[in-house]
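Results of the structural survey
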Amino acid sequence: MPGTCVIGLQWGDEAKGKLVDILTEQHDIVVRYQGGANAGHTVVSGGETWKLSLIPSGILRDGVTCVVTGGVVLDPTAALREIDMLEGRGVRVGSKLLLSDRTHLVFPWHVAEDRLLDGSVSGGEAIGTTGRGIGPCYRDKVGRALAIRLGDLYRPDFPDRLRHVVALKQRLLGGVGDGSAATLPEFDADSILADTRRMAARLEPYVADTTAFLLDAVEAGRRLLFEGAQGTLLDVDHGTYPYVTSSNSSGLGVGTGSGVPGRWIDRSIGVVKAYSTRVGGGPLPTEQDNAVGIHLRERGNEYGTVTQRPRRCGWFDAVAARYAARLSGVDQLAVMLLDVLGGLDELRICIAYEIDGRTVTNFPSHVDDLRRAQPVYETLPGWPEDLAGVRTMAGLPAAARRYIERIGGLLGRPVSIVSVGPDRAQTIPCDHHEGGQRPWPRHPAPARA
Ligand code: IMP
C-alpha cells in the first residue's frame with residue numbers, strides 16, 4: 001500500500017514540516033490537500049532554512065512531484081511568490097509542481113473580509129485568524145455563487161464572471177464595515193482582471209487535474225505522502241469550534257481534500273509537540289501564563305511562521321491529543337521539540353479535566369465547556385541535560401524516556417520518532433516501534449542533489 005499521512009494532533013505548528021521533509025525520500029509524490037497560505041512550515045535543510053506556506057517542502061528534492069489538490073485554497077500571489085523564491089534560490093520548480101484546477105482562489109476581497117469579520121465572533125473574543133482570507137474563501141466555495149476556481153481562469157467567460165463577483169462583493173462587504181477605505185478598499189475589476197490574467201499565464205504550466213493524476217499514481221503503486229496543515233484541534237468540524245480554521249485539518253480531511261480515498265493510506269503518523277501551543281483565540285486548558293510558558297516560548301522559538309505572533313504555550317494535554325489521535329486515526333506518534341523541555345525541574349501532563357466538579361477524560365464538544373475545564377495534572381521529573389546532541393533512545397536521560405513512554409501510553413499509540421532539534425540529524429528513531437516498517441531510513445540522504 002503506497003500512502004503515508006502526517007497529521008498534527010494539536011493546534012498546529014507541531015513541526016510537521018521537518019518530519020515531512022525526512023519522509024519525503026521514501027515517497028514519489030507529496031500531497032498538500034487542505035488549508036492555504038495560513039500554514040507555514042520551516043524546513044532546515046543542507047544548512048539552509050526554507051519557509052513555505054503552500055508548496056510542499058518536497059520541492060527541495062529531485063525526483064519528487066509536489067501536488068496541491070482541490071481541497072486547498074490558493075492565493076495566486078502567494079503561490080507565485082513562493083515559486084519565485086524557490087527559483088531565486090536555485091530550486092527548479094518546473095514540472096515538479098502540480099496545482100489542481102479545482103483549487104478555489106483567494107482574492108483581495110477575501111483578505112478584506114477576513115479582517116472585517118474576525119473581531120466579531122462569539123461575544124468578543126476574536127478567532128485571531130492569520131488574516132490570509134482563508135475562511136472567506138472557503139465560505140465562497142461552499143456558497144458557490146461567488147467562488148472562482150483555478151480552472152475557471154482559463155475559460156472564455158472568466159472576465160464576465162470576475163466582473164460579476166467584484167460588483168457583488170463590493171456591495172455585500174460595503175454593508176459590513178464602517179464604509180471607510182481603511183476597512184474596505186475599492187475593488188477595481190479591470191485592474192484585478194489584468195493582475196489575475198498575468199498570474200494565470202504564469203501558473204498555467206502547473207495546472208492539472210490532480211485527482212486523475214493521483215488516482216493513476218496510487219493505482220500504479222507510486223508512493224504518496226500526504227502532508228496535513230494546521231492540526232486536528234483546528235478542524236472545522238471536529239476541533240474547538242469556532243476557534244478553528246475553515247478546512248478539515250484532521251486526518252479525516254485527507255480523502256475529501258485530495259480526492260484519494262483512505263484505502264490507499266497504510267501509515268498514519270500523528271505529530272505532537274512535547275508540550276502545547278496555540279496561536280490565535282480560543283481555549284487552551286493547559287496554558288501557562290508564567291515562567292514555564294516563557295521558557296517554552298523562548299526555548300521553542302514559539303512565534304508564528306506566517307504572522308510572527310507569539311504562540312500561547314502550556315503543558316502537554318493528553319486529553320486533547322488522545323481525542324485527536326483517535327479522530328485522525330493515527331497508528332503511531334512523532335514527539336517533536338522534546339529538547340525544549342530540558343531545564344524544567346518537573347513536567348506536567350494533563351490527564352483529565354475537571355468541569356463543574358466532574359472529572360472527564362473525553363474532549364468536550366462545546367468550547368464553553370472546554371473554557372471551564374480545569375486540567376488534572378500528573379507530574380513527572382524533568383531533566384537538566386541538553387538533548388540537542390542525542391541520537392538514540394538509549395542516549396536520552398531516563399526522565400526523558402519516561403516522559404515519551406507516558407505520552408505514548410496515554411495516547412494508546414507507539415512513539416516511533418522523537419525530535420530533539422530542527423536539523424534532520426536531530427531525530428531519534430524508536431526501535432521498539434511496532435508494526436514492522438521503520439518510519440524513515442536510518443541514514444537520511446542529503447536534502448538536495
Ligand atoms: P485562519 O486559518 O487564518 O482562518 O485562522 C483560524 C485559526 O487557525 C486562528 O486561530 C489561527 O491562528 C489558526 N491557524 C491557522 N493556520 C495555522 C497554522 O498553520 N498553525 C497554527 N495555527 C493556525
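Residues numbered from 1 in each chain as written. Predicted model: local features only at pLDDT ≥ 70, side-chain atom pairs only at ≥ 80, totals over all residues. Heavy atoms only, no water.

1. Thoughts on the overall build of the chain
Each helix and strand counted, the chain has 12 helices and 20 strands in total. Here the C-alpha coordinates of the chain stretch approximately 65 × 50 × 35 Å along the principal axes. Across the 449 residues of the chain, 58% fall into the buried class. The long-range share in the chain, meaning contacts at least 24 apart out of those at least 6 apart in sequence, stands at 76%. As displayed, the chain offers around 17,900 Å² of accessible surface, 50% of which is attributable to carbon and sulfur atoms. When the 50 positive and 53 negative side-chain charges of the chain are each reduced to one mean point, those points stand 2 Å apart. (Helix = DSSP H or I, 4+ residues; strand = E, 2+ residues; numbered from the N terminus. Buried < 20%, exposed > 50% of the residue type's maximum accessible area, 1.4 Å probe, protein only. Contact = heavy atoms within 4.5 Å. Areas by Shrake-Rupley, 256 points an atom, 1.4 Å probe, with all protein chains shown as cover. Lys, Arg positive; Asp, Glu negative; His and termini not counted. Charge placed at Lys NZ, Arg CZ, Asp CG, Glu CD.)

2. With respect to the confidence of the model for the chain
Confidence in the prediction of the chain, expressed as mean pLDDT, is 92, and 93% of residues score 70 or more. Low confidence marks residues 433–449, where pLDDT is under 50. Its contacts with residues over four positions away, or in another chain, come to 46 contacts. (pLDDT = per-residue confidence, 0-100.)

3. Section: the site of the ligand
Around the ligand lies a shell of 15 residues, among which N38, T130, T245, V279 and R309 are the nearest. At 2.8 Å, a side-chain N or O of N38 approaches an oxygen atom of the ligand. At 2.6 Å, a side-chain N or O of T245 approaches an oxygen atom of the ligand. With the chains in place, 96% of the 470 Å² that the ligand exposes on its own is no longer accessible. Partitioning the shell around the ligand into residue classes produces 6 nonpolar, 7 polar and 2 charged. (Near = heavy atom within 4 Å. Polar contact = N/O pair within 3.5 Å; in protein donor to acceptor, adjacent residues only side chain to side chain. Nonpolar A, V, L, I, M, F, W, Y, C, P; charged D, E, K, R; others polar.)

4. Quick notes on the environment of Q26
Position of Q26 among the secondary structure elements: in the loop between helix 1 (16–24) and strand 2 (29–32). The spacing of Q26 and T4 is 22 residues in sequence and 9.7 Å in space, taken between C-alpha atoms.

5. A closer look at the environment of G228
Topologically, G228 is positioned in the loop between strand 10 (224–227) and helix 8 (253–258). Looking at G228, the relative accessible area reads 9%, which means it is buried. Sequence spacing of G228 and V20 is 208 residues, and the spatial spacing of their C-alpha atoms is 9.5 Å. Residues in contact with G228, not counting those within four places in the same chain, are V6, K16, Y33 and Q34.

6. Some remarks on helix 12 (residues 398–411)
If you check helix 12, its first and last C-alpha atoms are 20 Å apart, about what 14 residues at 1.5 Å a residue would give, namely 20 Å. Of all the residues in helix 12, the buried ones are A399, A400, Y403, I404, I407, G408, L410 and L411. Looking one or two residues past helix 12, G412 carries a phi angle of roughly 70°, positive in sign. (Expected span 1.5 Å × (residues − 1).)

7. Brief notes about the pairing of strand 7 (residues 97–100)
Residues in a regular strand point their side chains to alternate faces of the sheet. Here strand 7 shows a buried face lined by L97 and L99 and a second buried face lined by L98 and S100. Across 3 bridges, strand 5 (residues 65–68) lies against strand 7 in parallel orientation. By the bridge assignment, C66 is partnered in strand 7 with L97. (Pairing = 2+ DSSP bridges.)

8. Notes on the side chain of H295
Within the secondary structure layout, H295 lies in helix 9 (residues 291–299). Ignoring any residue separated from it by four or fewer positions in sequence, one finds H295 in contact with G300, V340, L341, G342, G343 and L344.

9. A short note on the pattern of salt bridges
By the definition in use, this model includes 21 salt bridges. In this structure, E14 engages K16 in a salt bridge whose closest nitrogen and oxygen atoms are separated by 2.7 Å. Comparing E14 with K16 shows no difference in burial state: the two are buried. In this structure, R139 and E113 form a salt bridge, with 2.5 Å as the shortest nitrogen-oxygen distance. Of this pair, R139 sits in helix 4 (residues 134–143) while E113 sits in helix 3 (residues 108–117), and the two are 26 residues apart along the sequence. (Salt bridge = Lys/Arg side-chain N within 4 Å of Asp/Glu carboxyl O.)

10. Notes on the pairing of strand 5
Burial along strand 5 is two-sided: the face carrying T65 and V67 and the face carrying C66 and V68 are both buried. By the bridge criterion, 4 bridges tie strand 2 to strand 5 in an arrangement that is parallel. Bridge pairing in strand 5 places I29 opposite T65.

11. A look at helix 10 (residues 318–328)
In an α-helix there are 3.6 residues to a turn, and that puts residues three or four apart on one side. Among the 11 residues in helix 10, 8 count as buried, and that is most of the element. Next to the buried residues of helix 10 lie strand 1 (3–8), strand 11 (265–273), strand 14 (316–317), strand 16 (346–355) and helix 12. Taken from the residues just after helix 10, G329 is the one with a positive phi, measuring 65°.

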